[in-house]
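# Structural characterization, general
Each chain is listed here by its residues.
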Amino acid sequence: MMDALILAGGENRRIPVVKGFIKIQDKKIIERNLSLLREMFSKVFISTNSPELYFYLGTQIIGDVLTHRGPMTGIYSVLININSPFLFVTACDMPYINVILIKYIADKADERYDAIIPLYENKSQPLLGVYSKRIASKMENSIIKGKRSLRDFLKELVVYYINEDEIRKIDPFGRSFVNINTIEDYKREGGSECLV
């Protein structure tokens, strides 16, 4: 059993709209991702401190339980609120997450590991991975100490890293790891002048 989380926090400092509402191929990123994840997981949560924006999606919303902002706080806030032993995590600004790759990552969940994380371009990709519920207290301690880098936090865990060769067999060009952070990113992905 596994739940899923879409991180919809972030301050949108580099783009003038809510990133999850950007349309790629005429569909809002968050709507596409929510639809995909609902077919694969028991429950899908959205992590946000602006719940009113997402009520219309009809899914469970959880806000930050700590004052420190960032993806780790979003993940932690959901981990302590779920009953499932594992949580699949992705972000609202990733328009091309691949169903086959998600299933491949999720299927590697195992009690021996604290997290299952793909590697791409020689880097861990912590916003498309699985986290064990049991790491919640360790994550809380890290956040409170001001250590909020997910990549650094992973170094303290028992992580199963999925090597890049395996990832490229499913997603040869790493489209699943593309995120839209700036207007330039959006235009590079074929976006028009109208963001939403």
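See the structure printed just above.
A brief structural summary. Remember, it's a predicted structure, so these values are computed and weren't measured experimentally. (Residues numbered from 1 in each chain as written. Predicted model: local features only at pLDDT ≥ 70, side-chain atom pairs only at ≥ 80, totals over all residues. Heavy atoms only, no water.)

## Considerations on the overall build of the protein
To keep things clear, this is the line we draw: Numbered from the N terminus, helices here are DSSP runs of H or I no shorter than four residues, and strands are runs of E no shorter than two. Exposure is judged per residue with a 1.4 Å probe applied to protein chains only, and the accessible area is read against the type maximum: over 50% gives exposed, under 20% gives buried, and values in between give partly exposed. Method for areas: the Shrake-Rupley scheme with a 1.4 Å probe, in which residue coverage is limited to the protein chains shown.
When helices and strands are counted, the protein shows seven helices and 10 strands. Here the protein, with 196 residues, has 52% of them falling under the buried criterion. As displayed, the protein offers around 9,700 Å² of accessible surface, 49% of which is attributable to carbon and sulfur atoms.

## Some points on the pattern of salt bridges
The cut-off we apply is this: Between Lys or Arg on one side and Asp or Glu on the other, a salt bridge is scored when a side-chain nitrogen of the former is within 4 Å of a carboxyl oxygen of the latter.
In total, this model carries nine salt bridges according to the counting rule given. Ionic pairing is found between E166 and K108, a salt bridge with its closest N-O pair at 4.0 Å. Placement of the pair is E166 in helix α6 (residues 164-170) and K108 in the loop between α3 (99-106) and β7 (115-120), with a sequence separation of 58 residues. You can call E166 buried: its relative accessible area is 17%. K108 sits in the partly exposed class, given a relative accessible area of 24%. With a shortest N-O distance of 3.1 Å, D114 and R134 are connected by a salt bridge. Highlighted residues: D114 in the loop between α3 and β7 and R134 in the loop between β9 (129-132) and α4 (136-144), separated in sequence by 20 residues.

## Considering α3
The condition is simple: In this context, the arc is that of the directions from the helix axis out to the C-beta atoms.
Looking at α3, one finds that the buried residues are L101, I102, I105 and A106. In a view along the axis of α3, the buried residues occupy a sector of 130°, so they form one face of it.

## Let's talk about the environment of L119
We apply this condition: In this description, contact between two residues means that some pair of their heavy atoms is separated by no more than 4.5 Å.
Tracing the backbone through its elements, the reader meets L119 in strand β7. Owing to a relative accessible area of 26%, L119 belongs among the partly exposed residues under this scheme. With residues near it in sequence (within four places) discarded, L119 still touches S124, Y161, I162, N163, E164 and I167.

## Details of the layout of surface pockets
The condition is simple: In this analysis a 1.4 Å probe is tested at points of a 1 Å grid over the protein atoms alone, and where it fits but cannot get out there is a cavity; an open set with protein on both sides within 12 Å along at least five of seven lines is a pocket; lining residues have an atom within 4 Å of a point. Grid points are joined across faces, edges and corners, and a volume is the space filled by probe spheres set on the points. Three classes are used, and their members are as follows: Ala, Val, Leu, Ile, Met, Phe, Trp, Tyr, Cys and Pro are nonpolar, Asp, Glu, Lys and Arg are charged, and the others, Gly among them, are polar.
As a volume, the second largest pocket reaches approximately 170 Å³. Surrounding the second largest pocket, Y120, E121, K123, Q125, R151, F173, G174, F177 and V178 form its lining. Of the residues belonging to the lining of the second largest pocket, the class tally is four nonpolar, two polar and three charged.

## Here we look at unusual backbone geometry
It is generally the case that most residues other than glycine have a negative phi and that most peptide bonds are trans. Phi angles above zero are rare outside glycine, and Q25 is one such case at about 55°. In this structure, Q25 sits in the loop between β2 (23-24) and β3 (27-28). On the accessibility criterion, Q25 (71% relative accessible area) is exposed. In this structure, E121 takes a positive phi of about 50° despite not being glycine. Counting through the fold element by element, E121 comes out in the loop between β7 and β8 (123-124). Judged by its relative accessible area of 52%, E121 is exposed.

## Here we look at the packing of aromatic side chains
The following threshold applies: Pairing of aromatic rings covers Phe, Tyr and the six-membered ring of Trp, with a centre-to-centre limit of 6.5 Å; geometry is then stacked below 30 degrees between planes, edge-to-face above 60, and tilted otherwise.
The final tally for this structure, using the stated rule, is five aromatic pairs. With a centroid separation of 5.2 Å and an interplanar angle of 70°, the aromatic rings of Y113 and Y160 are classed as edge-to-face. Of this pair, Y113 sits in the loop between α3 and β7 while Y160 is found in strand β10 (residues 159-162), placing the two residues 47 residues apart along the sequence. Ring geometry for Y120 and F177: centres 5.1 Å apart, planes at 25°, overall stacked. Placement of the pair is Y120 in strand β7 and F177 in the loop between α6 and α7 (183-188), with a sequence separation of 57 residues. Residue classification places Y120 among the buried residues on the basis of a relative accessible area of 6%. Judged by relative accessible area, F177 falls into the buried class, the value being 12%. By the ring-pair criterion, three or more aromatic residues cluster together here, those being F21, Y54 and Y56.

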